[in-house]
Amino acid sequence: MPYPQAPWTLQGYAIQTLHLVNINRVRPLIPSELEIISVWPGKTIGSVYLANYGSGSVLEYSELIIAPALVHRQRKIGPWISHIYVDNADSVAGGREIWGLPKELAEFTLEREYASVHQGNQKFCSFNYNQQSWAWPLQLGVSAFSIKGSDLLIFSIEFKSFLGLINSHLQIPAASPFSEIGLEQPWLTVRHQQMNLQVHAPNLID
């Protein structure tokens, strides 16, 4: 078994955008067992999360997560992950077999104020962003949903970082597999520095 067992400890940095997305547009991506949370008439919160996990992590890799909606089930709230890409085959195997996440391999370009993700000649997305000049400490716990086989799962993530607001420009080509979600320009972009994640094993939801 090439991947570590849960929990996974991941350390590095991340850029995260938040978007208002049309509920009717993303409903086909959400399992029927989950209710989409409306934060504005006809709108939910979507997110794009781009991270690089380096020294101190159980596996070192880059990751792109697309979460098209905020959902709930049995008073539990969290994002639904529809697309997830990494550049480490062991992360793909562990993500699929432990959490039921639809991980795929992709290539990442990470520069000082630019990042892009692609598979071969197909670009998924790219970021231009500025470096933050200040940050404040953040510590919280969040949950996320996934499906493994026919089982609906929820897993918790303990999260520590120094959080700063930044400006960003996100481009998603029309041929990208998640272009139809409608992730236009974000209303908020944050950068997590000195980030430490504990991603715990999932629990079954009845």
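Residues numbered from 1 in each chain as written. Predicted model: local features only at pLDDT ≥ 70, side-chain atom pairs only at ≥ 80, totals over all residues. Heavy atoms only, no water.

K.L.:
I'd love a proper account of the side chain of serine 91, names of residues and values included.
P.N.:
Inspection of the secondary structure puts serine 91 in helix H2 (residues 89-99). Other than its neighbours up to four places away in sequence, serine 91 contacts Trp8, Leu59, Tyr61, Val86 and Lys103. (Helix = DSSP H or I, 4+ residues; strand = E, 2+ residues; numbered from the N terminus. Contact = heavy atoms within 4.5 Å.)

K.L.:
Break down the side chain of threonine 9 for me, citing the residues and quoting the values.
P.N.:
Within the secondary structure, threonine 9 is located in strand S1 (residues 8-22). Take threonine 9: its relative accessible area is 17%, and that puts it in the buried class. At 2.6 Å, the side chain of threonine 9 forms a polar contact with the side chain of glutamine 198. (Buried < 20%, exposed > 50% of the residue type's maximum accessible area, 1.4 Å probe, protein only. Polar contact = N/O pair within 3.5 Å; in protein donor to acceptor, adjacent residues only side chain to side chain.)

K.L.:
Tell me about the environment of alanine 115, residues and numbers included.
P.N.:
Within the fold, alanine 115 resides in strand S10 (residues 114-119). For alanine 115, a relative accessible area of 1% translates into the label buried. It is 14 Å that separates the C-alpha atoms of alanine 115 and aspartate 87, two residues lying 28 residues apart in sequence.

K.L.:
If you had to explain the pairing of strand S14 (residues 168-171) to someone new, which residues and values would you point to?
P.N.:
Residues of S14 alternate between two faces, with Ser168 and Leu170 buried on one and His169 and Gln171 left unburied on the opposite face. Where strand S11 (residues 122-129) meets S14, four bridges bridge the pair, whose relative direction is antiparallel. Among the inter-strand pairings, tyrosine 129 is bridged to a residue of S14, identified as serine 168. (Pairing = 2+ DSSP bridges.)

K.L.:
An account of the nonpolar core is needed here, citing residue identities and associated values.
P.N.:
Membership of the largest hydrophobic core comes to 32 residues, with the highest contact counts inside it found for Leu64, Val71, Val117, Phe127 and Phe178. Where this core is concerned, the elements lending two or more residues are S1, helix H1 (23-26), strand S3 (43-53), strand S4 (61-67), strand S5 (69-73), S10, S11 and strand S13 (151-165). Per-element tally for this core: the top contributor is S11, with four residues. Setting aside residues up to four positions removed in sequence, phenylalanine 178 forms contacts with Leu64, Ile66, His83, Tyr85, Phe124, Cys125, Ile172 and Leu183. (Core = buried A, V, L, I, M, F, W, Y, C linked by side-chain atoms within 4.5 Å.)

Geometric values such as these leave the question of function open.
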